[in-house]
Amino acid sequence: MTPDRLRAFCLSFNAAEEDFPFNPDISVFKVLGKMFALSWMDAKPLKVNLKCDPDDAVRLRGEHEGLIAPGYHMNKRHWNTVTVDGDLPERLVRELIEDSYDLVVAGLPRAERLRLDRP
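The following paragraphs examine the structure supplied in this document. Sequence order as written defines the numbering, with residues in each chain counted from 1. Only residues with pLDDT of 70 or above have their local features reported here, since the model is predicted, and side-chain atom pairs are shown and tallied only from 80 upward, although totals for entire chains, interfaces and linings are computed over all residues. The side-chain values count all of the structure's non-hydrogen atoms but skip hydrogen atoms and water molecules.

The number of helices and strands found in the protein is 4 helices and 6 strands. Atoms counted for the radius of gyration: C-alpha only. Globule rule: 2.2 Å times the number of residues to the power 0.38. Against the 2.2 N^0.38 benchmark of 14 Å for 119 residues, the protein shows a C-alpha radius of gyration of 14 Å, consistent with a compact globule. The dimensions of the protein, computed from C-alpha atoms along their principal axes, are 40 × 30 × 25 Å. Taken across its 119 residues, the protein has 40% of its residues classed as buried. Here the analysis covers contacts within the protein between residues at least 6 apart in sequence; of these, 46% occur between residues at least 24 apart. Calculation of accessible area relied on Shrake-Rupley with a 1.4 Å probe; when residues are assessed, cover is drawn exclusively from the protein chains displayed. Accessible area of the protein: about 6900 Å², with a carbon and sulfur share of 51%. For the purpose of charge, His is not counted, nor are the chain termini; Lys and Arg are scored as positive and Asp and Glu as negative. Note on charges: their place is set at NZ of Lys, CZ of Arg, CG of Asp or CD of Glu. Mean positive and mean negative side-chain charge positions of the protein (17 and 20 charges, respectively) differ by 5 Å. Secondary structure elements follow DSSP: runs of H or I no shorter than four residues count as helices, runs of E no shorter than two count as strands, and numbering proceeds from the N terminus. Working definition: with a 1.4 Å probe on protein chains only, accessible area under 20% of the residue-type maximum means buried, over 50% means exposed, and in between means partly exposed. By the convention used here, residues are in contact when the closest approach between their heavy atoms is within 4.5 Å.

The next subject is the pattern of salt bridges. Between Lys or Arg on one side and Asp or Glu on the other, a salt bridge is scored when a side-chain nitrogen of the former is within 4 Å of a carboxyl oxygen of the latter. Overall, the coordinates contain 8 salt bridges when judged by the stated rule. Salt-bridge contacts for Arg7 lead to Glu18; the nearest nitrogen and oxygen are separated by 3.0 Å. Here Arg7, found in helix α1 (residues 3-11), pairs with Glu18, found in strand β1 (residues 16-19); they are 11 residues apart in sequence, far enough to count as distant. Judged by relative accessible area, which is 24%, Arg7 ranks as partly exposed. Through salt bridges with shared partners, a single ionic network connects Asp4, Arg7 and Glu18.

Take a look at the structure:
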């Protein structure tokens, strides 16, 4: 996955937006103000921090050692750092991004979740 494809996929979700709260080199993707992905888009290899269910996070790290690691500068129980231009199938990377978005949306107040469901 390229940086452009990563950005486009993250922005394809309902109400998703890109922000640069830390510096212009770090893309933060948010839904209604809550972060679901963070990436240094110019880094080689390209990596993205994604929210993850704690049990799944541990399992994924074991299954994809060296490609999925505890979240860099994040709560390591709830976040993974995923190498997206490595040997992981793009389908899996997309699923992990979608799961991160869904976890963040699930944590939003009910009124905001309902607002996302409206066309």
